[in-house]
Amino acid sequence: MAAVVLSEPEKLYIVHGVQEDLRVDGRGCEDYRCAEVETDVVSNTSGSARVKLENTDILVGVKAEMGTPKIEKPDEGYLEFCVDCSANATPEFEGRGGEELGAEIASAFYTVFSSENSIDLKSLCINPREHCWVLYVDVLLLVCGGNLYDAISIAVKAALFNTRIPKVRVLEDEEGSKEIELSDDPYDCIRLNMENVPLIVTLSKIGYRHVVDATLEEEACSLASLLVSVTSKGALTSIKKMGRGSLDPESIFEMMETGKKVGKALHVALQKVLDEEESLGTSRQKVGFLG
Amino acid sequence: MAAVTMRLPVPRKPAVVRAPQGPEKHLVAPGDTITTDTGYMRGHGTYVEGDKLIASVAGVVERVNKLICVRALNTRYNGEVGDVVVGRITEVQQKRWKVETYSRLDSVLLLSSINLPGGELRRRSIEDELAMRDCLQEGDLISAEVQSIFTDGALSLHTRSLKYGKLSQGVLIQVSPSLVKRQKTHFHDLPCGASVILGNNGYIWIYPTSEQRDEETGGFVTNLEPVSMSDREVISRVRNCIVALVTHKLMLFDTSILYCYEASLPHQIKDILKPEVMEQIVLETQHRLLDLEG
């Protein structure tokens, strides 16, 4: 990933600042940067969202396609994650440079969404063992400005919230052959139940304390970080340690508690924005990439 | 106490009207016709199509006799001799350091163009060459002056003055080089309690004002004592003010930073970066700057 090189005194300045709960940009340890969320930015997807977390810029598109259910789960649909690192973010991503990071992020999201409760996969089933909806979640990293995982998870949740899957009916004739009929009304669609979709909170250990929403410079000062995925009710669904440093068990518990608290606040803030956007409906002026 | 703010994006508003400063500048966008007179020569940032001379970059038209150039606004740093720059060491080589200064090529800092630790004045020996990494290593930040420009456009820097040298604790912000106003001095001790170095290359260094200048170290010993909380608050506020000014494309110089700092005082440090607060304090700064000009 876009690595920043810092001199020792600069790192020291950041570490001391975190210890005194005053980060370089004036935030406390548990404050997020100002985020901008917009959904429905790509017209040829079932649902899309763009999230800007100061510099970090993420675009997520969700596409619903018909597929066959997996053998072990015949009555469920499934999600596919794909992360594309644009060379726009950093020249290192050019060619195959971003693949490693992309695969790492995608695998983290498979774990986060592996919990049965996080999303109701049964609602994606059309016809057991034969047809189901497959949601392809495509993430595009446009600018890396630190805290990728959180920003992507916000964008994924917003895009899933925005996703509308057309309603289909299965018709069966006398001979037993099945036919799938699509509703004529394009607005006749189902929406996903978003209640338990988790968000990721990354806690970076800097010095003796941990911070949320680390900037690139802060990430350079942190040896280890903890990824926790939290549902809106405050339940942890997965946990992952990142970085080469070590964490002692006590601080992990502290970090989990902070993660829960911050995660809940994050869910509330996101839901508020999504509801606000929806209530404005078509009257809202779309900003997109050119606004 | 966790603070999370999320919002919907707001469409960008057209630029705020600014009073012209001095003579009107000839600004062009790519594709704009600069002149249809065929008597001119085409310089950087322009091309000829038919009889017309057309701009290929967005910027200011400059004319030297018959030559027309467009100086781009969104550009890497084009060094000039005597400029103050802030840069980061990327490589230690034989007799030289490579310094990243946001120019097209990495700049060079020769071993012979630094003050030796202790301020000794002598020829550089092989021992000095071996101890180069003790002076400056990869990742270190320095302030320097442009000594000369090589034929390929790379800059040669020097730190042979006590005001230049290795930078200690503080915060670096990177802005567009076009937003830094050229002035007599680029080192400012702001009355609010922080000092800034406004590098001509768009690298801005904010650091706590120190009372005594340690002259005998030659600028290579860094102070690793924790910075006091009050200094930290001022530095963070100045940083956010500069970010606010840059977001709204205002020129950076001591007065604009100071006015912005004063305008930001009613707000909390972290709130300065909220779009609406940012707009408000930048507008206030702008008005005060216009009043100053008369």
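Throughout this document, residue positions are counted from 1 along each chain, in the order its sequence is written. Written order decides the labels, with chains lettered from A and ligands numbered from 1. In keeping with the predicted nature of the model, local features appear solely for residues at pLDDT of at least 70, side-chain atom pairs appear and are counted solely at 80 or more, and the whole-chain, interface and lining totals rest on all residues. The basis for the side-chain values is all heavy atoms of the structure; hydrogens and waters are excluded.

Undergrad: How should I be thinking about the overall build of chain A in this particular structure?
TA: For helices the rule is a DSSP run of H or I covering at least 4 residues; for strands it is a run of E covering at least 2, with both sets numbered from the N terminus onward. The secondary structure content of chain A amounts to five helices and 14 strands. In this treatment the radius of gyration is a C-alpha quantity, and the globule benchmark scales as 2.2 Å times the residue count to the 0.38 power. A compact globule built from 291 residues would reach a C-alpha radius of gyration of about 19 Å, and chain A, at 21 Å, matches this within 12%. In terms of its C-alpha atoms, chain A occupies a principal-axis envelope of roughly 80 × 45 × 40 Å. The Shrake-Rupley method, run with a 1.4 Å probe sphere, supplies the accessible areas, and residue values consider only the shown protein chains as cover. Here chain A has roughly 13,600 Å² of accessible surface; of this, 50% comes from carbon and sulfur atoms.

Undergrad: Explain the UniProt feature "domain: Exoribonuclease phosphorolytic" (unreviewed entry) in chain A to me, please; I cannot follow it from the model alone.
TA: UniProt positions are given in the numbering used here, feature names are shortened, and annotations may be inferred rather than shown by experiment. In the numbering used here, UniProt assigns the feature "domain: Exoribonuclease phosphorolytic" (unreviewed entry) to residues 32-166 and 197-261 of chain A. Helix makes up 21% of residues 32-166 of chain A and strand 38%, with an end-to-end C-alpha separation of 36 Å.

Undergrad: For this particular structure, what's the right way to read helix α5 (residues 249-280) of chain A?
TA: Think of an α-helix as turning once every 3.6 residues; residues three or four places apart then point the same way. To estimate how far a helix should extend, the number of its residues minus one is multiplied by 1.5 Å. A rise of 1.5 Å per residue sets the reference length of α5(A), with its 32 residues, at 46 Å; its end C-alpha atoms lie 46 Å apart and thus fit the reference within 8%. Once α5(A) finishes, A:G281 follows within two positions and takes phi at roughly 60 degrees, a positive value.

Undergrad: Honestly, a negative patch on the surface in this entry has me stumped. Any pointers?
TA: Residue and element names in this part refer to chain A. Think of a patch as exposed residues, more than 30% relative accessible area, with no salt bridge, where like charges cluster within 9 Å and nonpolar side chains (Val, Leu, Ile, Met, Phe, Trp, Tyr) cluster within 5 Å. Take a side-chain nitrogen of Lys or Arg and a carboxyl oxygen of Asp or Glu: if they are within 4 Å of each other, that pair is a salt bridge. Asp and Glu are treated as the negative residues and Lys and Arg as the positive ones, with His and the ends of the chain left uncounted. For charged residues, the charge sits on one atom: NZ in Lys, CZ in Arg, CG in Asp, CD in Glu. Taken together, the side chains of E172, D173, E174, E175 and E179 present a region of like negative charge at the surface. Its place among the elements puts E179 in strand β9 (residues 178-182). Exposure remark for E179: the relative accessible area of 54% places this residue in the exposed category. Here the term buried applies to any residue with accessible area under 20% of the maximum for its type, exposed to any over 50%, and partly exposed to those in between, with areas from a 1.4 Å probe on protein chains only.

Undergrad: Sorry, what's going on with the environment of A:S183 here?
TA: Residues and elements named next belong to chain A. By secondary structure assignment, the location of S183 is in the loop between β9 and β10 (189-191). According to the relative accessible area criterion, S183 is partly exposed, its value standing at 23%. Along the chain, S183 and R169 lie 14 residues apart, while their C-alpha atoms are 7.7 Å from each other. Residue contacts follow a heavy-atom distance rule, with two residues in contact if any of their heavy atoms lie within 4.5 Å. The residues touching S183, leaving out its near neighbours within four places in the chain, are K167 and D188. Whenever two N or O atoms come within 3.5 Å, that pair is a polar contact, provided that in protein one can donate a hydrogen and the other can accept it, and provided that, for residues adjacent in sequence, both atoms are side-chain atoms. In terms of polar contacts, S183 uses its side chain to reach the backbone amide nitrogen of D185, at 3.3 Å.

Undergrad: Looking at this structure, I do not really get the interface of chain A and chain B. What am I missing?
TA: Many analyses report the size of an interface as the accessible area lost when the parts associate. Taken together, the contact between chain A and chain B spans 42 residues of the former and 38 residues of the latter. Here chain A and chain B share an interface that buries about 3,600 Å² over both sides, 63% of which is from carbon and sulfur atoms. Three residues stand out in chain A for area buried against chain B, namely A:P9, A:Y13 and A:L22, and they jointly supply 18% of the buried area on that side. Scanning the region where chain A abuts chain B turns up two salt bridges. Throughout, the accessible surface (probe 1.4 Å) given up by two parts as they are put together, summed over both, is called the buried area.

Undergrad: For this particular structure, what's the right way to read the pairing of strand β18 (residues 203-208) of chain B?
TA: A regular strand places its side chains so that they alternate between the two faces of the sheet. Residue and element names in this part refer to chain B. Counted residue by residue, β18 has six buried out of six residues, so it is predominantly covered. Burial along β18 is two-sided: the residues Y203, W205 and Y207 and I204, I206 and P208 are all buried. When strand β15 (residues 171-174) meets β18, the two strands line up antiparallel, connected through four bridges. Directly across from I173, in β18, lies its bridge partner I204. Two strands pair when backbone bridges link them, and strand β17 (residues 194-198) and β18 are joined in this way by five bridges, in the antiparallel orientation. Looking across to β18, one finds that S195 is bridged to Y207. Any two strands are treated as partners once DSSP identifies two or more bridges connecting them. The turn linking β17 back onto β18 is made up of four residues, and G202 within it adopts a positive phi angle of 90 degrees.

Undergrad: Can you help me understand the side chain of B:N240 in this one?
TA: With respect to the helices and strands, the residue B:N240 is situated in helix α3 (residues 229-247). Among the residues examined, B:N240 registers a relative accessible area of 0% and is labelled buried.

Undergrad: I tried to follow the environment of A:D31 on my own but got confused; where do I start?
TA: Among the structural elements, A:D31 can be located in the loop between α1 (8-19) and β1 (35-39). By relative accessible area, A:D31 is classed as buried at 3%. Put simply, A:D31 and A:A151 are 120 residues apart on the chain and 14 Å apart in space, counted from C-alpha to C-alpha. For A:D31, the side chain forms a polar contact with the main-chain nitrogen of A:G28, separated by 2.9 Å. A polar contact of 2.7 Å, which involves the side chain of A:D31, links it to the side chain of B:K270.

Undergrad: Any chance you could explain the packing of aromatic side chains here in plain terms?
TA: Think of a pair of aromatic rings as described by two things: how far the centres are apart, and how the planes are tilted against each other in angle. For Phe, Tyr and Trp, where Trp contributes only its six-membered ring, two rings pair if their centres lie within 6.5 Å, and the inter-plane angle classes them as stacked under 30 degrees, edge-to-face over 60, or tilted in between. Under the counting rule described, the total for this entry stands at six aromatic pairs over all chains. When the centroid spacing of 5.6 Å and the interplanar angle of 40 degrees are considered together, the rings of A:F81 and A:F109 count as tilted. You can see A:F81 sitting in strand β4 (residues 78-85) and its partner A:F109 sitting in helix α2 (residues 99-112), a full 28 residues away along the chain. For A:F81, a relative accessible area of 7% gives the class buried. Aromatic side chains A:F81 and A:F113 sit 5.3 Å apart centroid to centroid with 40 degrees between the ring planes, which places their arrangement in the tilted category. Of this pair, A:F81 sits in strand β4 while A:F113 sits in the loop between α2 and β5 (125-127), placing them 32 residues apart in sequence. Note on A:F113: relative accessible area 8%, which makes it buried. Members of the aromatic cluster, connected to one another through ring pairs, are A:F81, A:F109, A:Y110 and A:F113. Put simply, a charge is over a ring when the Lys NZ or the Arg CZ is close to the ring centre, within 6 Å, and near the line of the ring normal, within 35 degrees. The ring centre of A:Y78 lies 4.4 Å from the NZ or CZ of A:K70, which sits over that ring. Of note, B:R76 hangs over the ring of B:Y102, and the distance from its end group to the ring centre comes to 4.4 Å.

Undergrad: Just to check I follow, could you spell out a nonpolar patch on the surface for this structure?
TA: Taken together, the side chains of A:M66, A:V170 and A:I180 make up a nonpolar region of the molecular surface, amounting to roughly 200 Å² of accessible area. Here A:M66 is to be found in strand β3 (residues 56-67).

Undergrad: Even after reading the chapter, I still don't get the packing of helix α3 (residues 148-162) of chain A against α5(A), so can you show me in this structure?
TA: Between two packed helices, both the angle of their axes relative to each other and the distance between the axes serve to describe the pair. Residue and element names in this part refer to chain A. Across the interface, α3 lies against α5 with an axial gap of 11 Å and an inter-helix angle of 40 degrees. Between α3 and α5 lies a crossing whose hand is right-handed. Residues I154, K157, A158 and F161 of α3 lie in contact with α5, whose contacting residues are L266, H267, L270, Q271, L274, D275 and E278. Grouping the constituent residues of the contact of α3 with α5 by class yields six nonpolar, two polar and three charged. Axis definition: a line fitted to C-alpha atoms, over the contacting stretch in the case of helices. Angles run 0 to 180 degrees between N-to-C directions. By definition, any crossing whose near helix is turned counterclockwise from its far helix by less than a right angle is left-handed, and any crossing with a clockwise turn is right-handed. Here the term charged refers only to Asp, Glu, Lys and Arg, the term nonpolar to Ala, Val, Leu, Ile, Met, Phe, Trp, Tyr, Cys and Pro, and the term polar to all other amino acids, Gly among them.

Undergrad: Can you walk me through the state of the cysteines in this structure?
TA: When the sulfur atoms of two cysteines share a covalent bond, that bond is a disulfide. We call a pair of cysteine sulfur atoms a disulfide when they lie within 2.5 Å. Under the defined criterion, the tally for this structure stands at zero disulfides over all chains. No disulfide involves A:C85; its nearest neighbouring cysteine sulfur is the one of A:C144, lying 6.7 Å away.

Undergrad: Explain unusual backbone geometry here, please?
TA: Among all residues except glycine, the phi angle is most often negative; among peptide bonds, the trans geometry is most common. Residues and elements named next belong to chain B. A positive phi angle is found at K95, which is not glycine, with a value near 65 degrees. On the secondary structure map, K95 appears in the loop between β9 (84-93) and β10 (96-100). Residues other than glycine seldom take positive phi values, yet Y102 does so here, at roughly 65 degrees. Along the chain, the position of Y102 falls in the loop between β10 and β11 (107-110).

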